[in-house]
Amino acid sequence: MMIVEPVTKEKAKDEVRLDPPWRVIVLNDPVNLMNYVVMVFRKVLGFDEVKATKHMMEVHELGKSVVWSGNREQAEGYAYQLQHWRLQTRLEMDD
Amino acid sequence: MIEFRLKIDSRITRMVSPLIRNSFSTTGKVTCPEFPYPEESDVELVDSWQSGLREEIAQDRLALARLLNDARFPHGYVVIEEDQAECVLRGLSELRFFIREHRLDSISDDELENGLSLSGLSKDIQSFYLAYLVLAEIQEGLIRSLT
């Protein structure tokens, strides 16, 4: 019995490590205003003005920007809010 | 309370406000963004995601309806409760998407982004383009008020 607990913990750690990060990607669209996108990034993702503007410009010039990466649950939360603000958003598993 | 007057000739706002109200009514039922996992097969997850979003988008539409039905709106006045501002902003975004996709679909993204000359456009397109710009101007004013 004494041996079982450490083994279980070790296994749990491995499972956490195996959970791959997810990327929240915002795509360019022809409708939303630049300052609207900056405002949404600040509100939803907590970016400061400089970081929000940098990601907005990436979306505008490159067609998309990875705005967040991390565990699936949080990624889904951000994607949901960004979609509510009518930003075109995708979730992808980080390779 | 957030109150401001659009920096647009009130003859234009009077002209496009019926068109804006009409477009808003035409959007009818709440549309929902595409699910963010392109290959998701869990139907329950997709359903609960989309029904949640639909409920929130319906609230946004309600807030926008209040603004559009305000008697001062055709005269270029935007008057809304401060706690409704974010809902109205999102509702405006949805309405602009609708006009872009259904009424201005003959215009390219580049033209729309860089600005159009009204001459050369049909009367219908001119009016919808002006409505699209008026909605953007409202968003600009709200963003200024909120930030």
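Residues numbered from 1 in each chain as written. Chains lettered and ligands numbered in written order. Predicted model: local features only at pLDDT ≥ 70, side-chain atom pairs only at ≥ 80, totals over all residues.

**Here's the deal with the overall build of chain B**
- Counting secondary structure elements, chain B contains five helices and two strands.
- For chain B, the spread of C-alpha atoms along the principal axes amounts to about 50 × 40 × 30 Å.
- Split into buried and exposed, the 147 residues of chain B put 26% on the buried side.
- Intrachain contacts of chain B at a sequence separation of at least 6 include 81% that bridge at least 24 residues. (Helix = DSSP H or I, 4+ residues; strand = E, 2+ residues; numbered from the N terminus. Buried ≥ 20, exposed ≤ 12 C-beta atoms within 10 Å, placed from the backbone. Contact = placed C-beta atoms within 7 Å.)

**Some details on the overall build of chain A**
- Within chain A, the regular secondary structure consists of four helices and three strands.
- Along the chain direction, N to C, the helices and strands of chain A fall in the order α-β-α-α-β-α-β.
- Classification of the 95 residues of chain A by burial places 33% in the buried group.

**Observations regarding the interface of chain B and chain A**
- The interface of chain B with chain A comprises 21 residues on the first partner and 16 residues on the second.
- Element by element, the count of residues in the side of chain B that touches chain A is highest for helix α3 (residues 85-102) of chain B, at six residues.
- For the side of chain B that touches chain A, the per-class residue count stands at 10 nonpolar, three polar and eight charged. (Nonpolar A, V, L, I, M, F, W, Y, C, P; charged D, E, K, R; others polar.)

**Here we look at the nonpolar core**
All names here are of chain B.
- Ranked by internal contacts, the top residues of the largest apolar core, which has 24 residues, are L64, V88, L92, A131, Y132 and L135.
- Counting residues per element, the ones that place at least two in this core are α1 (10-27), α2 (43-69), β2 (77-80), α3 and α5 (123-146).
- Not counting residues within four places of it along the chain, the set of residues in contact with A131 comprises V16, L19, I20, S23 and I99. (Core = buried A, V, L, I, M, F, W, Y, C linked by C-beta atoms within 7 Å.)

**Here we look at the sheet that holds strand β3 (residues 89-93) of chain A**
All names here are of chain A.
- Ordered by their spatial adjacency, three strands build an open sheet running β2-β1-β3, and the pairing between neighbours is antiparallel. Edge positions in the sheet fall to β2 (64-70) and β3, since each has one partner strand and no second. Put simply, the sheet's adjacent strands are angled 25° from each other on average, direction ignored. (Pairing = 2+ DSSP bridges. Axes fitted to C-alpha atoms, helices over the stretch in contact; angles between N-to-C directions.)

**Side note on the packing of α2 of chain B against α3 of chain B**
Residue and element names in this part refer to chain B.
- Two elements in contact, α2 and α3, have axes separated by 8 Å at closest approach and are oriented at 95°. Considering their axes alone, α2 and α3 lie roughly perpendicular with respect to each other. Counted together, I57, Q59, D60, R61, A63, L64 and L67 of α2 and C87, V88, R90, G91, L92, E94 and L95 of α3 form the full contact between these two elements.
- By residue class, the composition of the contact of α2 with α3 is eight nonpolar, two polar and four charged. (Parallel < 35°, antiparallel > 145°, perpendicular 65-115°, else oblique.)

**Quick word on the confidence of the model for chain B**
Residue and element names in this part refer to chain B.
- This prediction gives chain B a mean pLDDT of 88; 91% of its residues lie at or above 70.
- Ranking the elements of chain B by mean pLDDT puts helix α4 (residues 109-114) last with 83 and β2 first with 95.
- On the interface metric, ipTM, the complex scores 0.89, and its pTM is 0.86. (pLDDT = per-residue confidence, 0-100.)

**Considerations on α3 of chain B**
- In this model, α3 of chain B (18 residues) spans 26 Å end to end at C-alpha, consistent with the 26 Å of a helix rising 1.5 Å per residue.
- Listed as buried for α3 of chain B are C87, V88, L89, R90, G91, L92, S93, L95, R96 and I99 of chain B.
- At its buried positions, α3 of chain B is contacted by α4 (72-84) of chain A together with α1, α2, β2 and α5 of chain B. (Expected span 1.5 Å × (residues − 1).)

**Topic: helix α2 (residues 34-45) of chain A**
- The first and last C-alpha atoms of α2 of chain A sit 16 Å apart over 12 residues, in line with the 16 Å expected at 1.5 Å per residue.
- Buried within α2 of chain A are the following residues: Y36, V37, V38, M39, V40, F41 and V44 of chain A.
- Those residues of α2 of chain A that are buried are in contact with α3 (49-62), β2 and α4 of chain A together with α5 of chain B.

**Description of unusual backbone geometry**
- Phi is positive for R86 of chain A, close to 70°, though the residue is something other than glycine.
- With respect to the helices and strands, R86 of chain A occurs in the loop between α4 and β3.

**Focus: the environment of R14 of chain B**
Residues and elements named next belong to chain B.
- Topologically, R14 is positioned in helix α1.
- The sequence separation of R14 and I80 amounts to 66 residues, and the corresponding C-alpha distance is 19 Å.
- Setting aside its immediate chain neighbours within four residues, R14 contacts P74 and H75.

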